[in-house]
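Geometric and topological summary
Each chain, written out:
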Amino acid sequence: MIPSLEPKETRPSLANKTQPLKGWVQGLRGNNHVQFLQLRTNGKILQVVCEKESLGEDLFKQIKSLPQETSITVTGKWQENAKAPGGEELVLASFHIVGTSSDYPITPKDHGPDFLHNHRHLWLRSKRQLAIQRVRSELSFAIREFFRNEGYTLIDTPILTGSIGESAGTLFSTEYFDLGQAYLAQTGQLYLETAAFAHSKVYCFGPTFRAEKSKTKRHLTEFWMLEAETAFLGQEGNLDLQERFVKSVLTVTVERTIEDLKTLERNPETLLSYLNKPFPRVEYETAIQILKEAGESIEWGEDINAEREQILTTHFGTAIFIQNFPRAIKAFYMKQNPDDPRTVLSADLIAPDGIGEIIGGSEREESYEKIVERLQEEGLPPEDYAWYLDLRKYGSVPHAGFGMGLERVIAWICGLPHIRECIPFPRMIYRLTP
């Protein structure tokens, strides 16, 4: 059932109260008798009414000439106004300039993406970016809230590591004193598995790095990922957890950011309609057949690219799990499928609207011998993973986990065409500043 989408009151009414505010001039509009000053404070944009009759000619003239992004302190009395942001506005009595501003480069006119990213440090002040970053904040909180309520323990995994979790070709490396090469972590999963054998239910949430030379709208070289590992959990239970998790945190986030989604012109009912449906669990082999019937030239054993993911989500009309991928195209730690040794017990959760994969997960291989075999197949020295292999020697148990890319989920919630807007300072193969 779609929840109520009425905006939630975030602060007590200030009507008829006098209170100073500190912030920045977001914009001004009005006439020769009244000016409406848009004041940005605490990431919100409030309306300040400046009346010539009460302020006097000189003060009113100063207000009209305030440049964009001037920092000021204003004092006045709050009054109710249904048309104002939040339903209230401040009637100005006095103001003080804290910091001047001139020739602010980002104006209401259209700017190209390169210009905006070159001025990212300032672009964050825009109404659109304020909304996106609030959605990010609420989603991040909802994620932590979900796992705390589920009894999971937060484990902070290392960013510098000597062990490879995914493809060696997508690693950032650096010299690490006298110990040789260190890598920026692609995933916290291997370390998280060790903690699952201590706490049973664990998660980590932090930055990860992929040196993929990709320029697509779905890729960043630095992004945030939620990862969870659960002991005594198999493939089906893992998919149940993922579906419940995604539906829970997205619903909560939407409920808490209705006004922001309006700013972004994103209809929350569209998103919530997907969440009201079960996520079909589609065998990889079935997905290949559907794609062939849709005219795609693809064979069993090939990965499924973004365009084909969109065909599949359109076919089912919602997000879908594609499960049991070929063993050869998946990571060494995934459990071999006992019903089809060519495949592993894995699944990707594919979001609609062109977003694509938002979660990758699997049941983990608990056999010492099979892990060693896979490491050797990947050309990875088993001795470098001795600590990881110990998990299979001392009380090994079935366990499963998954990772979710935060920025892709933000893009889905906000209806954004490119994930570079979903992180404060995007890192891409052609951008390292600001």
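All figures in this text were calculated on a predicted structure; none of them were measured in a lab. (Residues numbered from 1 in each chain as written. Predicted model: local features only at pLDDT ≥ 70, side-chain atom pairs only at ≥ 80, totals over all residues. Heavy atoms only, no water.)

1. Things to note about the overall build of the chain
The secondary structure content of the chain amounts to 14 helices and 16 strands. Principal-axis analysis of the C-alpha atoms places the extent of the chain at approximately 85 × 55 × 45 Å. The burial tally for the chain puts 50% of its 434 residues in the buried class. Accessible surface, the chain as shown: approximately 20,700 Å² in total, 51% of it carbon and sulfur. In the chain, 49 side chains carry a positive charge and 59 a negative one; their mean positions are 7 Å apart. (Helix = DSSP H or I, 4+ residues; strand = E, 2+ residues; numbered from the N terminus. Buried < 20%, exposed > 50% of the residue type's maximum accessible area, 1.4 Å probe, protein only. Areas by Shrake-Rupley, 256 points an atom, 1.4 Å probe, with all protein chains shown as cover. Lys, Arg positive; Asp, Glu negative; His and termini not counted. Charge placed at Lys NZ, Arg CZ, Asp CG, Glu CD.)

2. A closer look at the pattern of salt bridges
The tally for this structure, following the rule as stated, stands at 27 salt bridges. Taking the shortest distance from any N to any O, the salt bridge between Asp 340 and Arg 342 comes out at 3.1 Å. The closest approach of N and O atoms between Arg 374 and Glu 378, which form a salt bridge, is 3.6 Å. By relative accessible area, which is 6% here, Arg 374 ends up buried. Here the salt bridges share partners, and the residues they tie into one network are Glu 236, Asp 240, Glu 243, Lys 247 and Arg 281. (Salt bridge = Lys/Arg side-chain N within 4 Å of Asp/Glu carboxyl O.)

3. What to know about the sheet that holds strand β2 (residues 34-41)
Overall, mixed pairing links the 5 strands, which are arranged β1-β2-β3-β5-β4 in a closed barrel. Going from strand to strand, the sheet's axes swing by 45° on average, the running direction of each strand aside. With 4 bridges joining them, strand β1 (residues 21-30) and strand β4 (residues 71-80) adopt antiparallel strand pairing. If you follow Trp 24 over to β4, its bridge partner there is Ser 71. Set on the sheet, helix α2 (residues 57-64) makes contact with β1, β2, β3 (44-51) and β5 (88-99); between it and β5 the angle comes to about 80°. (Pairing = 2+ DSSP bridges. Axes fitted to C-alpha atoms, helices over the stretch in contact; angles between N-to-C directions. Contact = heavy atoms within 4.5 Å.)

4. Points about the nonpolar core
Membership of the largest hydrophobic core comes to 53 residues, with the highest contact counts inside it found for Ile 143, Phe 147, Leu 226, Phe 245, Leu 250, Trp 412 and Ile 413. Counting residues per element, this core draws most heavily on helix α5 (residues 127-149), which supplies 8 residues. Not counting chain neighbours up to four residues away, the residues in contact with Phe 245 comprise Ile 143, Phe 146, Phe 147, Leu 226, Phe 402 and Met 404. Listed in part, the 17 residues of the second largest apolar core include Leu 171, Phe 332, Ile 371 and Tyr 385. (Core = buried A, V, L, I, M, F, W, Y, C linked by side-chain atoms within 4.5 Å.)

5. A word on the sheet that holds strand β13 (residues 320-323)
In space, the 8 strands of this open sheet follow the order β6-β10-β11-β16-β15-β14-β13-β12, with mixed pairing throughout. If you trace the sheet from one side to the other, it starts and ends with β6 (153-154) and β12 (281-283), each paired once. In this sheet, strand β10 (residues 201-209) lies alongside β6 in parallel orientation, the contact comprising 2 bridges. Looking at the pairing, Thr 153 lines up with Val 202 of β10.

6. Concerning the side chain of Thr 170
Structurally, the position occupied by Thr 170 is in the loop between β7 (160-161) and β8 (173-175). Given a relative accessible area of 15%, Thr 170 falls into the buried group. Reaching out from Thr 170, the side chain makes a polar contact with the side chain of Gln 186 at a distance of 2.8 Å. Contacts of Thr 170, omitting those with residues within four sequence positions, involve Gln 186, Phe 209, Arg 210, Ala 211 and Glu 212. (Polar contact = N/O pair within 3.5 Å; in protein donor to acceptor, adjacent residues only side chain to side chain.)

7. Re the pairing of strand β9 (residues 181-184)
Where β7 meets β9, 2 bridges bridge the pair, whose relative direction is antiparallel. Bridging from a neighbouring strand, Leu 160 pairs with Leu 184 of β9. Bridging between β8 and β9 involves 3 bridges; their strand directions are antiparallel. Across the sheet, the residue bridging to Thr 174 is Ala 182, located in β9. Where β8 folds back on β9, the antiparallel hairpin that results is connected by 5 residues, among which Phe 177 adopts a positive phi of roughly 50°.

8. Topic: the packing of aromatic side chains
Aromatic ring pairs: the centre-centre distance and the angle between the two ring planes describe each pair. Scanning the model with the defined rule gives 17 aromatic pairs in all. Each ring, one from Phe 147 and one from Phe 245, has its centre 5.1 Å from the other, and the planes form 40°; the classification is tilted. Of the two residues, Phe 147 is situated in helix α5 and Phe 245 in helix α7 (residues 235-256); the sequence distance between them amounts to 98 residues. Classification of Phe 147 as buried rests on a relative accessible area of 0%. Judged by relative accessible area, Phe 245 falls into the buried class, the value being 0%. Taken together, a centroid distance of 4.7 Å and an interplanar angle of 15° make the contact between Tyr 191 and Trp 387 stacked. (Phe/Tyr/Trp six-rings, centres within 6.5 Å; stacked < 30°, edge-to-face > 60°.)

9. A few points about unusual backbone geometry
Glycine aside, residues mostly have negative phi, and peptide bonds are mostly found in the trans state. With an omega of 0°, the peptide bond running from Thr 433 to Pro 434 counts as cis. Along the polypeptide, Pro 434 turns up in the segment after α14 (406-414). Despite not being glycine, Phe 177 has its phi angle at roughly 50°, a positive value. Its place among the elements puts Phe 177 in the loop between β8 and β9. Here Phe 232, not a glycine, exhibits a phi torsion of approximately 60°, which is positive. Along the polypeptide, Phe 232 turns up in the loop between β11 (222-231) and α7.

10. Here's the deal with a nonpolar patch on the surface
On the surface, a nonpolar cluster with roughly 480 Å² of combined accessible area is contributed by Leu 160, Tyr 176, Phe 177 and Leu 179. In this fold, Leu 179 is placed in the loop between β8 and β9. (Patch = residues over 30% accessible without salt bridge, like charges linked within 9 Å, V, L, I, M, F, W, Y side chains within 5 Å.)

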